Amino acid sequence: MNDLINDLYQEIILDHGREPRNFGECEPHNKSADGHNPLCGDNLKLTFLLNDQNIIEDIKFTGEGCAISLASASLMTEKLKGKKIEVAEEIFKDFTNLVSGSDEDLKVLNEEDSLYALKGVGGFPMRVKCATMAWHAFNQALKD
Amino acid sequence: MDNSKTLNLNVRKDFPILSKKILEKKDLIYFDTAASAQKPNTVINETNDFYKNHYSNVSRGVHTLSVESTFRYEDARKKVQKFLNARSENEIIFTKSATEGINLVAQTFYEKFMQKGDEVILSLIEHHSNLIPWFFLRDKYGVVLKFANIQTSGEIDIDHFNSLFTNKTKIVSLTHLSNVFGTELNEKAISICKDKNIPILLDGCQSAAHLKIDVQKLGCDFFVFSGHKTYGPAGIGVLYGTENLLSEMPPYQGGGGMIGDVSLEGASYAELPAKYEAGTPPLVEAHGLGIAIDYMNKIGFDNIIEHENEITKYAFNKLNEIDFIEIHGGDNKRNSIISFNIKNVHSHEVSSFLDVEGIAIRAGHHCCQPLMKHLGVNSTARLSFGVYNSLEEVDKFVIALHKCKEFFNK
């Protein structure tokens with residue numbers, strides 16, 4: 001099998017694509033945003049609860065999409081749960097660099113992270129938007 | 001190959017891009033002609049030659065280059081007129097795209113013939129480019145839009161379509177060939193419009209390179225298509241309109257080239273077709289489109305249609321045999337387009353997987369989100385064929401589909 005395809009669809013991606021974690025709506029929540037990829041119609045709704053210490057207490061998503069977008073959203077919720085907002089923002093920046101094939105050094109993510117499995121998206125420029133949809137929704141929710 | 005008949009137009013050599021290797025080793029199999037067709041050498045070389053040897057602005061200067069450019073631009077119009085069998089060159093308006101043609105008609109037809117509460121009939125299978133220009137009329141002016149249902153075959157439900165007409169119906173706009181199903185518009189839809197004396201616009205983006213178009217025989221009032229889907233350059237489109245309607249409707253954009261006489265108090269407008277061509281037009285692209293039309297004519301539309309029907313039927317039968325494939329639309333006659341899904345695999349995955357096999361197909365909503373909603377899917381994968389495709393390519397594609405299914409359901 002082609003290396004590019006194996007890099008893109010690592011087992012963890014296929015697994016999270018098939019069975020996304022933290023799928024649903026966070027109740028209660030105080031932050032939410034919709035993600036949408038107008039090019040293909042994939043969409044998601046992200047909800048999370050930010051407590052008074054700026055820690056993400058719970059985070060969930062619903063939506064429909066390809067394996068990359070679902071796995072990315074699923075891995076994102078796993079990674080961000082329990083994180084302080086400042087740390088989450090750093091992870092967002094790192095992740096965006098990781099999947100867009102940017103040479104910029106990663107500050108908080110490393111090869112041990114499950115999110116690193118999405119690095120293969122860099123070989124498919126048209127799929128970067130699939131991988132970042134949930135993250136942009138997260139970023140949007142912070143701004144709102 | 002298990003097919004005794006293999007019609008080959010022997011045109012692959014005309015398309016330099018088809019010798020490109022994908023990821024350095026895979027032969028390119030281009031099944032995305034419905035999104036945009038590849039360009040033959042004649043189009044590439046002739047547009048190059050225009051820039052190298054003849055280029056200037058059109059219809060403005062009197063010098064040699066201006067004459068040469070103008071000749072090529074207007075010659076392209078003649079070719080388009082013959083291509084569509086329009087009555088006169090005055091009925092051929094060059095636009096930047098088919099989309100612009102629809103916007104032009106929506107805006108100027110409204111201005112001349114419609115008011116708040118008047119109705120436009122469209123259908124569920126329309127491309128966004130034949131929806132949004134009409135949405136603008138609804139949002140800005142209170143025009144009412146009605147949508148004909150489709151049958152499971154992918155064809156418009158003619159009875160429902162017929163029932164949508166009222167004494168407020170002013171115009172109908174429908175796709176001539178569905179970019180999702182490949183189904184051709186039932187001629188009855190046009191004859192219903194004729195009987196009721198309601199103008200009809202046909203979106204010919206998918207039909208112009210795959211069917212022999214005769215606007216007089218069709219009986220449509222407007223017809224749009226784009227250069228890039230007919231083996232010509234992007235950035236050029238065509239609007240055909242009957243001289244009567246185009247004469248009565250007001251200009252679309254104002255600017256150079258579309259005027260009769262201008263003073264600070266006002267202006268008169270140029271005669272057709274210049275009236276609708278404000279600004280310097282995509283002149284080289286128009287020439288390129290003319291060359292593309294020559295190219296299609298040289299192959300011959302009878303041959304094109306026979307070849308594409310054969311390959312479409314072959315692919316349909318192959319896909320239909322596979323239990324994990326769901327084909328959208330019925331098993332009726334399709335022209336050059338098949339939309340499908342692999343069960344439980346998103347079309348993005350299918351497209352990315354096939355990409356590394358060298359196979360280019362489209363995945364997504366195909367600019368038909370209302371139709372996707374109706375089909376109950378988020379997106380589909382789409383195969384579409386052109387003159388350069390072969391049955392062997394379909395066989396390779398089918399093998400790749402099996403590998404894809406295996407990979408994602410392991």
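All of these numbers come straight from a predicted model, not from anything done at the bench.

**Some thoughts on the sheet that holds strand S9 (residues 222-226) of chain B**
Residues and elements named next belong to chain B.
- The sheet built from seven strands is open, its strands ordered S4-S10-S9-S8-S7-S5-S6 with mixed pairing. Of all the strands in the sheet, the pair left with one neighbour each is strand S4 (92-95) and strand S6 (144-148). With strand direction ignored, the average angle separating the axes of adjacent strands in the sheet is 20°.
- Relative to S9, strand S8 (residues 200-203) runs parallel, the two sharing three bridges. Each bridged residue has a counterpart across the sheet, and for Asp203 the counterpart in S9 is Val224.

**Structural notes on the interface of chain B and chain A**
- Listed per partner, the contact involves 13 residues of chain B and 16 residues of chain A.
- Those elements giving two or more residues to the side of chain B that touches chain A turn out to be helix H11 (347-356) and helix H12 (369-375) of chain B.
- A total of five residues in the side of chain B that touches chain A trace back to one element, the largest contributor, which is H11 of chain B.
- Of the residues contributing to the side of chain B that touches chain A, the split by class is four nonpolar, eight polar and one charged.

**Quick word on helix H1 (residues 41-54) of chain B**
Residues and elements named next belong to chain B.
- Helix length check: H1 (14 residues) gives 19 Å between terminal C-alpha atoms against 20 Å at 1.5 Å per residue, within 8%.
- Of all the positions in H1, only Val43, Thr47 and Phe50 are classed as buried. Viewed along the axis of H1, the buried residues span an arc of 50°, placing them on a single side of the element. Every exposed residue of H1 that faces more than 90 degrees away from the buried side is listed here: Asn41, Asn45, Asn48, Lys52 and Asn53.
- In this structure, the buried residues of H1 make contact with helix H2 (64-84) and helix H9 (283-299).

**Some details on the domain arrangement of chain B**
All names here are of chain B.
- Along its sequence, chain B is carved into domain 1 (12-40 + 300-408) and domain 2 (44-297).
- Each of domain 1 and domain 2 has a C-alpha centre, and these two points are 28 Å apart.
- Counting residues at the interface gives 27 residues for domain 1 and 28 residues for domain 2.
- If you list the elements that add at least two residues to the side of domain 1 that touches domain 2, you get helix H10 (301-320), strand S14 (337-342) and H12.
- No other element matches H10, which puts five residues into the side of domain 1 that touches domain 2.
- A breakdown of the residues in the side of domain 1 that touches domain 2 according to their chemical character gives 12 nonpolar, 12 polar and three charged.

**Some thoughts on the pairing of S9 of chain B**
Residue and element names in this part refer to chain B.
- When you tally the buried positions in S9, you get five out of five residues, the bulk of the element.
- Side-chain alternation along S9 places Phe222, Val224 and Ser226 on one buried face and Phe223 and Phe225 on a second face that is also buried.
- The pairing of S9 with strand S10 (residues 237-241) spans five bridges and is classified as antiparallel. Residue pairing for S10: Phe223 is matched across the bridge by Tyr240.

**Comments concerning the packing of helix H4 (residues 85-99) of chain A against helix H5 (residues 128-143) of chain A**
All names here are of chain A.
- Their axes nearest at 10 Å, the elements H4 and H5 cross at an angle of 165°. Comparing their axes, H5 and H4 come out roughly antiparallel. Crossing of H4 over H5 shows left-handed handedness. In contact with Phe92, Phe95, Thr96 and Val99 of H4, H5 contributes Val128, Ala131, Thr132, Trp135, Phe138 and Asn139.
- Counted by class, the contact of H4 with H5 contains seven nonpolar, three polar and no charged residues.

**Details of unusual backbone geometry**
- Between Glu27 of chain A and Pro28 of chain A the backbone carries a cis peptide bond, its omega angle lying at 0°.
- A positive phi angle, near 50°, is found at Asn22 of chain A, a position not held by glycine.
- Examined against the element boundaries, Asn22 of chain A turns out to sit in the loop between helix H2 (11-18) and strand S1 (31-36).
- Phi at Ser336 of chain B takes a positive value of approximately 65°, unusual for a residue other than glycine.
- Inspection of the secondary structure assignment puts Ser336 of chain B in the loop between strand S13 (325-327) and S14.
- C-beta crowding within 10 Å serves as the criterion here: with 27 such atoms nearby, Ser336 of chain B is assigned to the buried category.

About the thresholds
Residues numbered from 1 in each chain as written. Chains lettered and ligands numbered in written order. Predicted model: local features only at pLDDT ≥ 70, side-chain atom pairs only at ≥ 80, totals over all residues. Pairing = 2+ DSSP bridges. Helix = DSSP H or I, 4+ residues; strand = E, 2+ residues; numbered from the N terminus. Axes fitted to C-alpha atoms, helices over the stretch in contact; angles between N-to-C directions. Contact = placed C-beta atoms within 7 Å. Nonpolar A, V, L, I, M, F, W, Y, C, P; charged D, E, K, R; others polar. Expected span 1.5 Å × (residues − 1). Buried ≥ 20, exposed ≤ 12 C-beta atoms within 10 Å, placed from the backbone. Arc of directions from axis to C-beta. Domains from an automatic or database assignment. Parallel < 35°, antiparallel > 145°, perpendicular 65-115°, else oblique. Left-handed = near helix turned anticlockwise from the far one by under 90°.

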